[in-house]
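Understanding the architecture of this molecule
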Amino acid sequence: MYQRQNAIQRRKKKKAPRCLGKLLLILLWVAAAFFMGRAVGKAEKYYGIVEYQPEEFGEQGLEDDLGGDEAEALILVNKENPLPDDYEVELVTLPDRVHKGASQAYEPLCEMLNAGRREGLAFEVCSAYRDIERQRQLFEEDVVALMARGYSYERAYEEVAKETMPPGCSEHSTGLAFDIVALDYQLLDAGQERTEENIWLREHCAEYGFILRYPKDKEDITQISYESWHFRYVGEKAAKEIMERGITLEEYLKDI
Ligand SMILES: [Zn+2]
């Protein structure tokens, strides 16, 4: 009897370290899973694979009436129609936490990119809102550099304007324009239109209120060469008509 009790006690003693070992293993697994999750999260952020969920940013001015102001969404900005210096735009940070856009376009942009993601596509917003003041600085630096080489102000301005949009003339300063590229092809060149992402965007953008702002063969009207990646929010009604008729925002605004 005494011997049996001793044996049981011995077994119990042996069992204790085994339980501890199991516990440690479980803890290790939990820790590993936690850190792997964080690493994946970081990688996704780095590569811009972010689930576009407007709900996440509920505090940033996403009210029900957003998208309702049609007139604002139809603002025309080009070389002849610069934005006024005091143009104000309500900005929200995009889910990539890098770029900013007009609050009005935020939800439609997220919905569009999420819809594409559900089709297995991966996008990257590579340019969105651009500050007029910053643009003015860059532009003027270039003008001054040319003037230092003997150009008159007018000639320097004209020369710089061939490559860079004069301050206030870029649609990006409205917060309604977004350059969107394929995650695995981020060049702003002729190859972009052959990516699955760009083909899908051009086909579906109007459903979300976006248009391809600078189409092919419309350079004489837009004064901007074809940009397959530049999408502009104008609201659903205008977007559907513009994309269906294959016209530009300039032509649409003349008709209404
Ligand atoms: Zn652009």
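As a convention, each chain's residues are numbered from 1 in the sequence order in which they are written. With the structure being a predicted model, the display of local features is reserved for residues of pLDDT at least 70 and the display and counting of side-chain atom pairs for 80 or more, all residues being used for whole-chain, interface and lining totals. Side-chain numbers here rest on the full set of heavy atoms in the structure, without hydrogens or water.

So, about the overall build of the protein. Secondary structure elements follow DSSP: runs of H or I of four or more residues count as helices, runs of E of two or more count as strands, with numbering from the N terminus. Within the protein one finds nine helices and six strands. Partly exposed describes any residue whose relative accessible area lies between the buried limit of under 20% and the exposed limit of over 50%, with all areas from a 1.4 Å probe on protein chains only and scaled to the type maximum. By residue count, 41% of the 256 residues in the protein fall in the buried class. Contacts are assigned to residue pairs that have any heavy atoms within 4.5 Å of one another. Taking the contacts inside the protein whose residues are at least 6 apart along the sequence as the reference set, 71% of them involve residues at least 24 apart. For the protein, the accessible surface area stands at approximately 15,800 Å², while carbon and sulfur atoms represent 53% of it. Method for areas: the Shrake-Rupley scheme with a 1.4 Å probe, in which residue coverage is limited to the protein chains shown.

As summarised here, the arrangement of the four strands in space is E3-E4-E6-E5, forming an open sheet in which the pairing is antiparallel. With one partner strand each, in any of the chains shown, strand E3 (123-127) and strand E5 (210-214) form the two edges of the open sheet. Across the sheet, the axes of successive neighbouring strands diverge by a mean angle of 45 degrees, strand direction being ignored. The criterion for strand pairing is that DSSP finds at least two bridges linking the strands in question. In this structure, E5 lies alongside strand E6 (residues 227-233), joined through four bridges in antiparallel fashion. Bridge pairing in E6 places Ile-211 opposite Arg-232. Sheet strands in contact with helix H3 (residues 103-118) are E3, strand E4 (177-182), E5 and E6, and its direction is about 15 degrees off that of E4. To get an axis, a line is fitted to the C-alpha atoms, and for a helix only the part in contact is used. The angle between two axes follows their N-to-C directions and goes from 0 to 180 degrees. Along the sheet face, helix H6 (residues 196-204) touches E3, E4, E5 and E6 and points at about 40 degrees away from the line of E6.

Here the focus is the packing of helix H4 (residues 132-148) against helix H5 (residues 153-163). As a packed pair, H4 and H5 sit with axes 9 Å apart at the nearest point and diverge in direction by 130 degrees. By the angle between their directions, the pair H4 and H5 is classed as oblique. For H4 against H5, the interelement crossing comes out right-handed. Of H5, the residues touching H4 (which contributes Phe-139, Asp-142, Val-143, Leu-146 and Met-147) are Tyr-153, Ala-156, Tyr-157, Glu-159, Val-160 and Ala-161. Partitioning the contact of H4 with H5 into residue classes produces nine nonpolar, no polar and two charged. To sort the angles, those under 35 degrees are grouped as roughly parallel, those over 145 as roughly antiparallel, those from 65 to 115 as roughly perpendicular, and the leftovers as oblique. A clockwise turn of the near helix away from the far one marks a right-handed crossing, whereas an anticlockwise turn of less than a right angle marks a left-handed crossing. The nonpolar class holds Ala, Val, Leu, Ile, Met, Phe, Trp, Tyr, Cys and Pro. Asp, Glu, Lys and Arg form the charged class, and all remaining residues, Gly among them, are polar.

Keep in mind these values describe shape, not function.
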